[in-house]
Amino acid sequence: MADASLVHPASPARTTGGLGQLLARHGALVGLILLLLFNLAFTPNFVSWQTLNVNLTQVAAIVIVAVGMTLVIATGGIDLSVGSLMAISGALAPLILLGQILPMPHPLLAVALAFVLPVLVAGAFGWFNGFLITRYRIQPIVATLVLFIAGRGIAQVVTNGNLQVFRNPEFQVIGLSRLFGIPVQVILMLILVAGAAWMLRRTLFGRQILAVGGNEQAARLAGIPVASVKRRVYLISGLCAGLAGLVVIAINSASDANLIGLGMELDAIAAVAVGGTLLAGGRASITGTLLGALIIQLVRYTLLANGVPDSAALVAKAGLIVLAVWLQQGRKSA
Amino acid sequence: MTRSLTSRVPLLVLVGRYGVIAALLLLILFGWARYDNFLGSYNILSFLRYTSMFALVALGMAFVIMSGGIDLSVGAVAAMSSVVAALASPFGLIPGLLAGAAAGLVAGILNGILITRLQIVPFIATLATMLAAGGTGLLLAGNQSVSVSYDTAFVELGQGDLLGFPIPAWIAAIAYVLGSIILNLTAFGRSVLAVGGNEDASRMMGLPADRVKFLVYAGSGLLAGLAGVILAAQFGAGQPIEGVGWELFAIAAVVVGGTLLTGGKGSVESTLAGALLLGLIFNILNFENGLGWISLSAYWQSVIRGLFLLLVVILQAKLVGREATG
């Protein structure tokens, strides 16, 4: 697991063995493998192209949002607004496609704008979160609560709460098309994961993110532009949420501002927590987040495929989160 | 009365503390001047009947936040409790009430155990309880709403009146009086603020920080359970998918009420004012639409609430900054 850390470079606890340590270090990977083995043994028709496709298509939006969330949490923050920002971008895109904001001279221009503008708007709102947090020193959970409440309202007001149905093959490439047999949104997701993991480990910005989350005071004294780092991180989280909103409406050929991204903040936070990123900040693992999202998706799929109702899957997800964070806790105190 | 561990009270901070009550009065004045029947008994009573559910949840949240924590599970716990209460309603008013309250209490105790025994951060612990309670509610209800029994007096808990006031409003009023007494006059109340202000220091002073935290979450669960009972009785059904977003409404009410999210400070009265204020925005929007000059869809409600929260947190941040430096 690619695990980037600045604050605890080589604590002795990491070199000592033991099952608990092993679970804490690679718990997500172990969990995923156990889940796969269980499914191979018990779930009928598990080994099929279709199973893989269904799970990857469903998980893509969560992973895209969770990548941004990982960076936010790495700085010691949290972003509750991602679901609402998805709704805003998902509400804007069809309005642009259908030419309801501006008449479009050329259909391809409409498609291009429908890709770019909603994501930028979501990014701008994300930047605004960061602005509130850094300029007024408002706690992230409260600052992003503002847009959590108002953001979905904005999306609903813009569309008057109506369902927007559309059909546009060029736009829906990011939800329905395949490249070399792989759904396009899955490729997008993998590019984002790889890019973010590289950035966190190899770039100055990545180091700065971890430093800010590890010890903000020390980071400031070391000359790191803490406010600027935080604003960029929330901006990225907003951009990711905007992109995920587009993916979701492209899959559905419809946009319902009441539903897009509903509860996404919880799924994303859960994926980050299960993936082993320290919730207090300072240590983050993007590949862990990918594994965490896959685990959450696969648990749900496993239960559903074996006839357990969706509501029981919620309880299972709760247990999973507690277990993951509890194991993480053991790792910290060991 | 606002209690705080620091005794210095500059003028600006006073404005910040009582601003919410002033804003509430101004909003009521605005409504009274602008709309007929705004202060009519029908509007007041139905407003109180509806808002008391949210006020109960906000009260529990206020104590949790004062202790330096957060409780994201209250909405889902209220929904689950409404299902439990509806299932128990054929046995009568008291069994329905007790069953719903007990369901909430169990969820609160679970939060308390996760946070104090397993040392899981409140944000994640209560998030997990939120999912678990939501799932349990749906399982118990079989994925649909469960209608309550009209053969017993259970629905009185939501629809009945006592001495001219709605019973939910009585329940909320009693809870707030008790909450105010606990915060202002008991050792436990002071411990909550001490733990929220500086947990390590309060431990060194010999305060039972874990017990305080445990009780705060148990209390929040209990109050969410009561809100669930009222929900079921008021609308005649246990509603497993109701309660989505209640936790954020409650947090907003507490923040609007001037309680610092960092813990250690807060007031029961301002929380009530915050909850009433957020509820009143919705009420006034309804009246405004009734006038027919403008037509604001219900969707504006969340935009306005969000903007309001924004205003309050910025104001609060400025006041806190001023208090810290001046």
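Residues numbered from 1 in each chain as written. Chains lettered and ligands numbered in written order. Predicted model: local features only at pLDDT ≥ 70, side-chain atom pairs only at ≥ 80, totals over all residues.

Here we come to the overall build of chain B. A tally of helices and strands in chain B yields 13 helices and six strands. Looking at the 326 residues of chain B, the share that counts as buried comes to 53%. Relative to all contacts within chain B whose residues are 6 or more apart in sequence, the contacts with residues 24 or more apart total 79%. (Helix = DSSP H or I, 4+ residues; strand = E, 2+ residues; numbered from the N terminus. Buried ≥ 20, exposed ≤ 12 C-beta atoms within 10 Å, placed from the backbone. Contact = placed C-beta atoms within 7 Å.)

All names here are of chain A. Taken residue by residue, chain A gives an average pLDDT of 84. The fraction at 70 or more is 91%. Confidence scores differ between elements of chain A, with strand β1 (residues 4-5) showing the lowest mean pLDDT of 53 and helix α10 (residues 226-252) the highest of 94. Considering only residues more than four positions removed or in separate chains, one finds that residues 6-16, a stretch of pLDDT under 50, has twelve contacts. (pLDDT = per-residue confidence, 0-100.)

The subject of this paragraph is the interface of chain B and chain A. Each partner contributes residues to the interface: chain B has 36 residues there, and chain A has 35 residues. At 13 residues, helix α13 (residues 299-325) of chain B tops the list of elements feeding residues into the side of chain B that touches chain A. Of the residues contributing to the side of chain B that touches chain A, the split by class is 25 nonpolar, ten polar and one charged. (Nonpolar A, V, L, I, M, F, W, Y, C, P; charged D, E, K, R; others polar.)

This next bit is on the environment of Gly 76 of chain A. Residue and element names in this part refer to chain A. Inspection of the secondary structure puts Gly 76 in the loop between α2 (49-74) and α3 (82-97). Separated by 140 residues in sequence, Gly 76 and Glu 216 have C-alpha atoms that sit 8.9 Å apart. Setting aside anything within four residues of it in sequence, one finds Gly 76 in contact with Gly 213, Glu 216, Ala 280 and Gly 281.

Time to look at helix α8 (residues 187-197) of chain B. Burial runs high along α8 of chain B: eight of the eleven residues are buried. Of all the residues in α8 of chain B, the buried ones are Gly 189, Ser 191, Val 192, Leu 193, Ala 194, Val 195, Gly 196 and Gly 197 of chain B.

The next point concerns helix α12 (residues 286-305) of chain A. Residue and element names in this part refer to chain A. In a regular helix each residue adds 1.5 Å, so 20 residues correspond to 28 Å; α12 covers 28 Å between its end C-alpha atoms and thus fits that length. The element α12 is extensively covered by neighbouring structure, given that 16 of its 20 residues are classed as buried. Count one or two residues on from α12 and you reach Gly 307, which has phi positive near 80°. (Expected span 1.5 Å × (residues − 1).)

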